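Listed below are the residues making up each chain.
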There are 2 protein chains.
Amino acid sequence: MTTLAPSKSEQAYELLHERIAKGELVPGYRLVLGTIAAELGCSTVPVREAIRRLEAEGLVTFERNIGATVAAVDAELYLHTMETLAVIEGAATALAAPLLSAVDMAEARAINAELRRCLEDFDPPRFTQLNDRFHAVLYERCPNPHILDLVHRGWNRLNAMRASSFSHIPGRARSSVEEHEQLLDLIDAGASTSEVEKAARAHRTNTLNAYLAADGMPPSPL
Amino acid sequence: MTTLAPSKSEQAYELLHERIAKGELVPGYRLVLGTIAAELGCSTVPVREAIRRLEAEGLVTFERNIGATVAAVDAELYLHTMETLAVIEGAATALAAPLLSAVDMAEARAINAELRRCLEDFDPPRFTQLNDRFHAVLYERCPNPHILDLVHRGWNRLNAMRASSFSHIPGRARSSVEEHEQLLDLIDAGASTSEVEKAARAHRTNTLNAYLAADGMPPSPL
DNA sequence: AAGTACGAAATCGTATACGATCTATCATCG
DNA sequence: CGATGATAGATCGTATACGATTTCGTACTT
């Protein structure tokens, strides 16, 4: 039994998803069915399906008789996404915490050590990549598949948006690394679920609030 | 300018969504593209799109070269969904609380009074309907559209599952009405966001834990 | 009788085709 | 000159058609 080739709609989905995540397709970019189909060497039908999927994930908007465009990102949307992820990832991390093995914790600490090194070398792309991985280790063991799925979607959106270059907050990366360490210590100390949730959420709302403050807006109430 | 007729794929989506929510299509039911298409008097293409959308919402599963079935619901899935909704709706309600008008609060109190009456008359379908509406009033003003969207999806799933008759926990409806009252009092008293979130979440985890306890399982750590 | 091989029917995946709708361009009119 | 309306081109929405894959029943083998 040979492994089944990926369907055209899968291919289209992967292609578009990757391009959006990489920022090759900037927000507002018009996705023309025929053009994408031609590029992939397939008809428009599977492309439509792929776009519907991306729409469901919030990466593109699709209007009747108008077409699809890469979802526009304004500051408000970006911040709303961060806030949502704060809630979801906080819960995911809290639920996963009791299930983390010693190996998991060691991996997290190792990644955070790498992150610290990135600060010295000033390597933002690598920092972002490692940061994502760090968080993944902490929430991946979450036993609730729905919550896990929502975390993934949140990260997808955030990555797609991040590509459209939001300015970084100076000094935030450094405090982020410190917060990682504290979070790991908290888990190692056997903190309660609600304590872990609080800390994990705060880690994210701190970033969010830094952005809000930079815009002269009040912090998130969460 | 006449209003545009809903597209076939919209129609298919609405139809299937409604039938699943109403429980006419039980979990595990096989959705055959051709059959649905014939019933709607359209081709299979728009039906595929509709099913993809339902898949993205978790209401159906769709496997390559196999087809779509209404998502099977086991107790575990149901409970995971409730847990997720506890987190999301808790946040939504907390964020909405400061934005509730006096009219909103009055409506919520009125609905809860109705709920209380339903207890006497023993009218479960009406109770469920009013209960949904009560919660909607409390979270609808949530200023974060993502969170609001997730709440809606969560309710959709829960309603679809609920149809497949999960046994009700005796006495839970009554305490639920009391908790509603307490939640409203808390908001009226100008409680902090985190207090409201805690209460709103607890309201849901209480139900969840009642189910878990009935199955002899430990309560959710959230 | 249980298991396997094969063929037919059912169903899915997608290419093609064409009408419907939107957008842009340009002529016409006030 | 600006507004309005008509026309052409682009793009979308969906019907139809057909090859690909799976499923199921039946005959055959051990």
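Please read these numbers as outputs of a predicted model, since none were measured by experiment.

### Focus: the overall build of chain A
Counting its regular elements, chain A contains 9 helices and 3 strands. In sequence order, chain A lays out its α and β elements as α-β-α-α-β-β-α-α-α-α-α-α. Principal-axis analysis of the C-alpha atoms gives chain A an extent of 55 × 55 × 35 Å. Within chain A, the fraction of its 222 residues that count as buried is 46%. Once local pairs closer than 6 in sequence are excluded, the contacts in chain A between residues at least 24 apart make up 72%. Entry remark: accessible area of chain A is about 10,700 Å², with carbon and sulfur atoms responsible for 56%. Positive and negative side-chain charges in chain A, numbering 22 and 30 respectively, have mean positions lying 4 Å apart.

### Overview of the sheet that holds strand β2 (residues 60-63) of chain A
All names here are of chain A. Read from one edge to the other, the open sheet built from 3 strands follows the order β1-β3-β2, with strand pairing classed as antiparallel. At either end of the open sheet lies a strand with only one pairing partner, and these are β1 (30-31) and β2. Across 4 bridges, the pairing between β2 and strand β3 (residues 67-70) is antiparallel. Its bridge partner lying in β3, Val60 is registered against Val70.

### Quick notes on the relation of the copies chain B and chain A
You can overlay chain B on chain A at an RMSD of 0.1 Å; the transform is a turn of 180° with a shift of 0.0 Å along its axis. Both copies of the chain, as the preceding transformation shows, are related through a two-fold rotation axis. A shared interface surface links the copies, since 100% of the contact residues of chain B are contact residues in chain A too.

### Overview of the packing of helix α5 (residues 102-121) of chain A against helix α8 (residues 172-188) of chain A
All names here are of chain A. One can describe the packing of α5 onto α8 by two numbers: an axis separation of 10 Å at closest approach and a directional angle of 165°. One element, α5, and the other, α8, form an angle in the roughly antiparallel class. Crossing hand, α5 versus α8: left-handed. Counting all contacts with α5, which are made through Met105, Ala108, Arg109, Asn112, Leu115, Arg116, Leu119 and Glu120, the residues of α8 involved are Ala173, Arg174, Val177, Glu178, His180, Glu181, Leu184, Asp185, Ile187 and Asp188. The residue makeup of the contact of α5 with α8, split by class, is 8 nonpolar, 2 polar and 8 charged.

### Thoughts on the packing of helix α1 (residues 8-22) of chain B against helix α3 (residues 44-56) of chain B
In a pair of packed helices, the angle between the axes and the distance between the axes together describe the arrangement. Residue and element names in this part refer to chain B. At a minimum axis distance of 8 Å, the contact between α1 and α3 shows a crossing angle of 50°. Classified by the angle between their axes, α1 and α3 sit oblique to one another. Handedness of the α1/α3 crossing: right-handed. Contacts from Lys8, Ser9, Glu10, Ala12, Tyr13, Leu16 and His17 of α1 reach α3 at Pro46, Val47, Glu49, Ala50, Ile51, Arg53 and Leu54. Across the contact of α1 with α3, the residue classes break down as 8 nonpolar, 2 polar and 4 charged.

### Considerations on the protein's contact with DNA strand C
Contacts to DNA strand C come from 20 residues, most closely from Lys8, Ser43 and Asn65 of chain A together with Arg48 and Asn65 of chain B. Each atom of DNA strand C within 4 Å of the protein was assigned to sugar, phosphate or base; sugar and phosphate come to 86%. Between a phosphate oxygen of DNA strand C and a main-chain N or O atom of Leu33 of chain B, the distance comes to 3.3 Å. Between Asn65 of chain B and DNA strand C, the recorded distance is 3.1 Å, taken from a backbone N or O atom to a phosphate oxygen. Looking at the surface near DNA strand C, the elements with two or more residues in it are α1 (8-22) and α3 (44-56) of chain A together with β1 (30-31) and α2 (33-40) of chain B. Among the residues making up the surface near DNA strand C, the classes are represented as 9 nonpolar, 7 polar and 4 charged.

### A closer look at the environment of Arg19 of chain B
Residue and element names in this part refer to chain B. Along the chain, Arg19 turns up in helix α1. Classification of Arg19 as partly exposed rests on a relative accessible area of 24%. Beyond its immediate sequence surroundings of up to four residues, Arg19 is in contact with Glu24, Leu25 and Glu39.

### Here we look at the side chain of His180 of chain B
Residue and element names in this part refer to chain B. In this fold, His180 is placed in helix α8 (residues 172-188). One polar contact links His180 to Asn112, side chain to side chain, over a distance of 2.9 Å. Within the local environment of His180, its side chain forms a polar contact with the side chain of Asn131, the two groups lying 3.3 Å apart. Among residues more than four places away in sequence, those in contact with His180 are Asn112, Leu115, Asn131, Phe134, His135 and His203.

### A few points about helix α4 (residues 75-96) of chain A
The end-to-end C-alpha distance of α4 of chain A is 31 Å, a good match for the 32 Å that 22 residues give at a rise of 1.5 Å each. Counting buried residues along α4 of chain A, 19 of its 22 residues qualify, which places the element largely inside the surrounding structure.

Cut-off values and rules
Residues numbered from 1 in each chain as written. Chains lettered and ligands numbered in written order. Predicted model: local features only at pLDDT ≥ 70, side-chain atom pairs only at ≥ 80, totals over all residues. Heavy atoms only, no water. Helix = DSSP H or I, 4+ residues; strand = E, 2+ residues; numbered from the N terminus. Buried < 20%, exposed > 50% of the residue type's maximum accessible area, 1.4 Å probe, protein only. Contact = heavy atoms within 4.5 Å. Areas by Shrake-Rupley, 256 points an atom, 1.4 Å probe, with all protein chains shown as cover. Lys, Arg positive; Asp, Glu negative; His and termini not counted. Charge placed at Lys NZ, Arg CZ, Asp CG, Glu CD. Pairing = 2+ DSSP bridges. Least-squares fit on C-alpha atoms with pLDDT ≥ 70 in both. Axes fitted to C-alpha atoms, helices over the stretch in contact; angles between N-to-C directions. Parallel < 35°, antiparallel > 145°, perpendicular 65-115°, else oblique. Left-handed = near helix turned anticlockwise from the far one by under 90°. Nonpolar A, V, L, I, M, F, W, Y, C, P; charged D, E, K, R; others polar. Near = heavy atom within 4 Å. Polar contact = N/O pair within 3.5 Å; in protein donor to acceptor, adjacent residues only side chain to side chain. Expected span 1.5 Å × (residues − 1).

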